[in-house]
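Observations on the three-dimensional arrangement
Here is what each chain is made of, one letter per residue.
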Amino acid sequence: MNPEVKRPPETAHPISCGKALREQIFGRTGVPAPVPPGLVAHIAAEIQAHCSHHPLKCHRIATGWTITQAVGAAHQLVETEGLPKVSLSERSWKQWEAGLLPSIGYQDLLCRLFTTHPVALGFAHDYSPQPQRDQDAPLRGAGGPDGTPSAGAHAGETGESGSTEVRATKRRHAVKLAGLALAAPTAAAEILQQAADEAMEFTRQAEATTLGSGTLDHLDDAVAAFNRAYSLKPPKDVFDAVMDYRRKVDVLLKGRHTQVQGRELFAFAGWLSELLAWLAHDLGDARTGLAFATDAFVHAQQAGHGQLCAWAMDAAASINLYENRPGKARDAAMKGLLEAPADHPLTVRLHAQAARASAADGDTVGFTTAFRTAENTHQLLPARAPRRFGMDVLPLGDYALTSYPATSYIWLGQAENARRHAAQALAIYESAPAASRSPSREAIARIDLALAHALLGAPDDAVALGHQALDSVRVVGSVRARAGDLAALLTRRYPRHAAVEGLREHLTATDARLLLPVTPEGEAP
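Residues numbered from 1 in each chain as written. Predicted model: local features only at pLDDT ≥ 70, side-chain atom pairs only at ≥ 80, totals over all residues. Heavy atoms only, no water.

Some remarks on the overall build of the protein
Spelled out, the test is: Numbering of helices and strands runs from the N terminus, with a helix taken as a DSSP run of H or I at least four residues long and a strand as a DSSP run of E at least two residues long. What makes two residues a contact is simply this: any of their non-hydrogen atoms within 4.5 Å. Where accessible areas are quoted, they stem from the Shrake-Rupley method and a 1.4 Å probe; at the residue level, only the protein chains shown are allowed to cover.
Along its length, the protein carries 25 helices and two strands. Here the analysis covers contacts within the protein between residues at least 6 apart in sequence; of these, 66% occur between residues at least 24 apart. With an accessible surface of roughly 26400 Å², the protein has 55% of that area assigned to carbon and sulfur atoms.

Okay, structure coming up:
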């Protein structure tokens, strides 16, 4: 859920540098197949010493994997060796390379993957005695002609980052040690012991946290489960459960945690609020929905999570559209586009949102321009789309190119275009696998098709589709609102048609049912 949680230090070399080192070493040794773990470890050590990356990232580069390939290899290892199933994502991997400590279970999996131990991957410290070095070495400098330490002494021997701050700290320590050489031996020992105690306290404070070792993994699993449940369970039930977790994350944010953990918690808070925005919208409460969309955006910013910012604005755009605020909807879509990855289906969806907002405002030219951009962006999507908590998000782009223009063409009065797109959207929704079916989206597609038939002079077909939509197992606020639009249009155009009155009665009965307590199956008791 939270890619790019922490950027590498400014002095860390680009990944191309590590790849070049790998190729140089293979140029000297040749490329064995498979590459022995010992050679991978040697290459990783060279990359770490030269480029100052996290050890896990160094091992990945040394192996020649992208993050996507590394995650895929880990899942393949789990399947091949019959290990417990994991919900490992690219987001988690990026956060580990940024310094977030994986849980014990994931540490074991990564050590298996690279055939090594936690120390080599930067998950633990080695406290075994080190070989005795020349005691005068720190005072003389480590190899540079001007007495400054060489590049290898900065990172290769200690495993520390080669950042500017670390090098400056080492120079200050060298000056202090030079002064200590002139002090009495006893005084120097006392000063060094005090400094060592302070260093240990600095480390303890930096790692101090009230989070349990499995808290973040648990939150990751919970948010994934909530996303799966969103389209399948009654929104009120899901809202209550998600709201409970949102409060718990707020408590954790106010507690003691590391900076890396804080960014992770900000991301979880954002994901939960983004889901609460949609759920409040489904429950017919636009004010609450927009409040949570804003909260999701703010927490995503704190987490440094641009994609989550874009998801939050996608929710805000839809809610504003249903509140007849097309200008605010367009503004939200454009704000999201500033954060969304260019090659992500979410970008297609946001362009389609902007097109729909223009149509709601009666702007045919604006709709055509934005929708054409959405289509062009869709054509440039990679063959393998990213996933959101294990779910494929490519269909969201596909749906936006069918259902959004169907609604837009109705607002623009282009009935035949609306009918064609609504029929196509309904076919796509109905053909989706059972686990990913969205009853509310299907219902709205039926209402769009019904509105098109009403505009084309076929009220009986429109009424029949309206009844089917209201019989959906998930009649949420957006479905109810669009069904009201359908009933109003039919009443204006066909005031004496008996079937229209039957649809109005069905809508009234649905409103009454939605006010009753909802069972887990989504039916009134």
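With respect to the side chain of Thr347
For the record, the criterion: Throughout, exposure labels follow a simple rule: accessible area from a 1.4 Å probe, protein chains only, divided by the maximum for the residue type, with under 20% read as buried, over 50% as exposed, and the rest as partly exposed.
Note that Thr347 resides in helix 17 (residues 345–360). Since its relative accessible area comes to 7%, Thr347 is described here as buried. Discounting residues that sit within four places of it in the chain, Thr347 has contacts with Leu337, Ala340, Pro341, Ala342 and Thr377.

A word on the pattern of salt bridges
Oppositely charged side chains are able to pair whenever their charged atoms sit close together. The condition is simple: We count a salt bridge whenever a side-chain nitrogen from Lys or Arg sits within 4 Å of a carboxyl oxygen from Asp or Glu.
Throughout the structure, instances matching the rule amount to 18 salt bridges. With a shortest N-O distance of 3.1 Å, Asp250 and Lys254 are connected by a salt bridge. Pair noted here: Asp250 and Lys254 are both in helix 12 (residues 235–254), with a separation of four residues, about one helical turn. A residue is classified by how much of its surface remains accessible, and Asp250, at 29% relative accessible area, is partly exposed. Across the pair Asp361 and Arg330 runs a salt bridge whose closest N-O atoms are separated by 3.6 Å. Note that Asp361 is positioned in the loop between helix 17 and helix 18 (364–379) and Arg330 in helix 16 (residues 326–337), a separation of 31 residues in sequence. Take Asp361: its relative accessible area is 49%, and that puts it in the partly exposed class. Given the relative accessible area of 23%, Arg330 is considered partly exposed. Overlapping salt bridges, with partners in common, bring together Glu81, Asp108 and Arg112 in one network.

Examining the packing of helix 13 (residues 259–282) against helix 15 (residues 306–322)
To be explicit about the condition: Axis angles are defined between N-to-C directions and span 0 to 180 degrees, where every axis is a line fitted to C-alpha atoms and, for a helix, only to the segment in contact. What sets the label is the angle itself: under 35 degrees gives roughly parallel, over 145 gives roughly antiparallel, 65 to 115 gives roughly perpendicular, and the rest give oblique. The crossing is said to be left-handed when, going from far helix to near helix, the turn is anticlockwise and less than a right angle, and right-handed when the turn is clockwise. Amino acids outside the nonpolar list (Ala, Val, Leu, Ile, Met, Phe, Trp, Tyr, Cys, Pro) and the charged list (Asp, Glu, Lys, Arg) are all regarded as polar, and Gly is one of them.
Put simply, helix 13 and helix 15 touch, their axes get as near as 10 Å, and they point 15 degrees apart. In terms of their interaxial angle, helix 13 and helix 15 are classed as roughly parallel. For helix 13 against helix 15, the interelement crossing comes out left-handed. Judged by residue contacts, Ala267, Gly270, Trp271, Glu274, Ala277, Trp278 and His281 of helix 13 engage Leu308, Trp311, Ala312, Asp314, Ala315, Ser318, Ile319 and Tyr322 from helix 15. Its residues placed into classes, the contact of helix 13 with helix 15 shows 10 nonpolar, three polar and two charged.

Considerations on the nonpolar core
Side chains that are nonpolar tend, in soluble globular proteins, to be buried together. Under the convention used in this document: Nonpolar cores were defined as sets of buried Ala, Val, Leu, Ile, Met, Phe, Trp, Tyr and Cys residues, with membership established by side-chain atoms within 4.5 Å.
The biggest cluster of nonpolar side chains holds 124 residues, and the ones touching the most others in it are Leu56, Trp93, Trp96, Val242, Leu279 and Leu490. Counting residues per element, this core draws most heavily on helix 13, which supplies 12 residues. With 12 residues, the next largest nonpolar core counts Val40, Ala44, Cys58 and Ile61 among its residues.

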